[in-house]
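Here's the letter readout for the chains.
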Amino acid sequence: MEKVVLAFSGGLDTSVCVKLLQEKYDMEVITACVDVGQPEDEIKKPELAAEKIGTDKHYTIDAKEEFAKDYAFRCIKTNALYEGYPLSTAFARPLIAKKIVEIAEKENATTIAHGCTGKGNDQFRFEATIRAESDVNIVAPVRDYNLTRTEEQDYAREHGIPLPSEKIYSIDENLWGRSIEGGLLEDPTVEAPEDIYEWTKSIDDAPEEAQVIKIEFVKGEPVKIDGEELSPVDLIRKANEIAGEHGVGRIDMIEDRIIGLKSRENYETPGAILLITAHAALEKLVFSREEIKFAENISQKYAELVYDGYWNEPLREDLDIVNDHMQERVTGWVEVRLHKGSLKVITKQSPYSLHNLDSVSFEDKEIIDQREMIGMVKYHDIQGAEYFKVNKKE
């Protein structure tokens, strides 16, 4: 009997996939859950579900540190925002796929399976990485059988699969962010209810007093918060806690999926917004004007590549090399004030700062002689002046 490794969360989709793989594909099913910072109960749930459903073996892989250092920190260093929000699920998928491939190689499995539907983004992200890193077959039972959620629930009951708790929403959570979709949230005319949020306080419940925090960066990566040196995982968690307490990080948007569908998505990314905002402010201090413009192009393209599942695209690696060189000077500290859902950078300093306090001062006469600007200003926009004269209406 052929072996298949199933990326397993213990939710409805992947629970149904276990029996479908056994019944319809006649395969020995090995389940695997990759820990990228989910809540502890979300890590234990797959283990219990795999045992109840009857899989042949289950793996739990701890990849939190790798995810924080090599993926989430990449999001910070590139200021990667897709249509305005920090990517979380999209950054985790290539790492999860990579770990599943490693299990497949260890088990000599011929196939890898996932529980994605044919409407979402994750099918692209998972399969692109799997195909790049292995030659195994890929199956997606829910997509292959074109199942609706109701049909999945009926199949689960018929086959004695313990139904996961009936959640109103579909939630994906990792160290870097939390996404909430489905149910009444699909309708953009309906206001998102307060109970969808877990990481962030409402503005009404946020503290009345503002909080100022200091974030220190070395080569583009955050290393300290308020003087405390932290591991990447602990630093991200602390950033989530601080920003979430002040109601920062709620996002409610219409998003363009890879296949072209528009979907209403809700996110909680308090730490990501805090760290990216501080990082971008430090870049403005140390980068030249041309570097700033180029960094904005990198940010947009990098986010698009990650969102669209092009983690193995050579351009993504090229951008990393360029960006890593640019980040060599992004060292220093930034102070941010958080208050009632708002976040404002108030001070910043870097040994690589291109800001010269003496030359920019209104009191300076020595560094920049104002009289020397006369010739420079005289011919500024000379083509615009000629255009206006030639085309001026009488």
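Attention in this report is confined to the structure presented alongside it. Computed from a prediction, not measured in an experiment: that's the story for all the values here.

Criteria and thresholds
- Residues numbered from 1 in each chain as written.
- Predicted model: local features only at pLDDT ≥ 70, side-chain atom pairs only at ≥ 80, totals over all residues.
- Heavy atoms only, no water.
- Patch = residues over 30% accessible without salt bridge, like charges linked within 9 Å, V, L, I, M, F, W, Y side chains within 5 Å.
- Areas by Shrake-Rupley, 256 points an atom, 1.4 Å probe, with all protein chains shown as cover.
- Salt bridge = Lys/Arg side-chain N within 4 Å of Asp/Glu carboxyl O.
- Helix = DSSP H or I, 4+ residues; strand = E, 2+ residues; numbered from the N terminus.
- 1 Å grid on protein atoms, 1.4 Å probe; cavity = no way out; pocket = protein on both sides within 12 Å on 5 of 7 lines; lining within 4 Å.
- Points joined across faces, edges and corners; volume = space filled by probe spheres on them.
- Buried < 20%, exposed > 50% of the residue type's maximum accessible area, 1.4 Å probe, protein only.
- Pairing = 2+ DSSP bridges.

1. A look at a nonpolar patch on the surface
Point 1. On the surface, Ile367, Ile368, Met373, Met376 and Val377 cluster together into a nonpolar patch covering about 490 Å² of accessible area.
Point 2. For isoleucine 367, the location among the structural elements is in the loop between α12 (357-360) and α13 (373-378).

2. Quick notes on the layout of surface pockets
Point 1. One number sums up the size of the second largest pocket: a volume of about 170 Å³.
Point 2. Residue lining of the second largest pocket: Asn79, Leu81, Ala280, Glu283, Lys284, Phe287, Ile292, Ala295, Glu296, Ser299 and Gln300, and that is the complete set.
Point 3. For the lining of the second largest pocket, the elements supplying multiple residues, two or more each, are α9 (270-286) and α10 (289-307).
Point 4. Among the elements that line the lining of the second largest pocket, the one with the most residues is α10, at 5 residues.

3. Examining the pairing of strand β14 (residues 262-268)
Point 1. When you tally the buried positions in β14, you get 6 out of 7 residues, the bulk of the element.
Point 2. Across 3 bridges, strand β9 (residues 177-181) lies against β14 in antiparallel orientation. Looking at β14, one finds that isoleucine 180 is bridged to asparagine 266.
Point 3. Here 7 bridges tie strand β13 (residues 250-256) to β14, and the two strands are oriented antiparallel to one another. Across the sheet, glutamate 255 pairs through a bridge with serine 263, a residue of β14.
Point 4. Linkage of β13 to β14, two consecutive antiparallel strands, is achieved through a turn of 5 residues, within which glycine 260 is found at a positive phi near 105 degrees.

4. A word on empty space enclosed by the protein
Point 1. Scanning the model with the defined rule gives 1 cavity of 30 Å³ or more in all.
Point 2. In this model, the largest cavity occupies a volume close to 40 Å³.
Point 3. Along its surface, the largest cavity is lined by Ala90, Pro94, Arg125, Thr129, Val306, Gly309 and Trp311.
Point 4. Those elements giving two or more residues to the lining of the largest cavity turn out to be α4 (89-107) and α5 (122-133).

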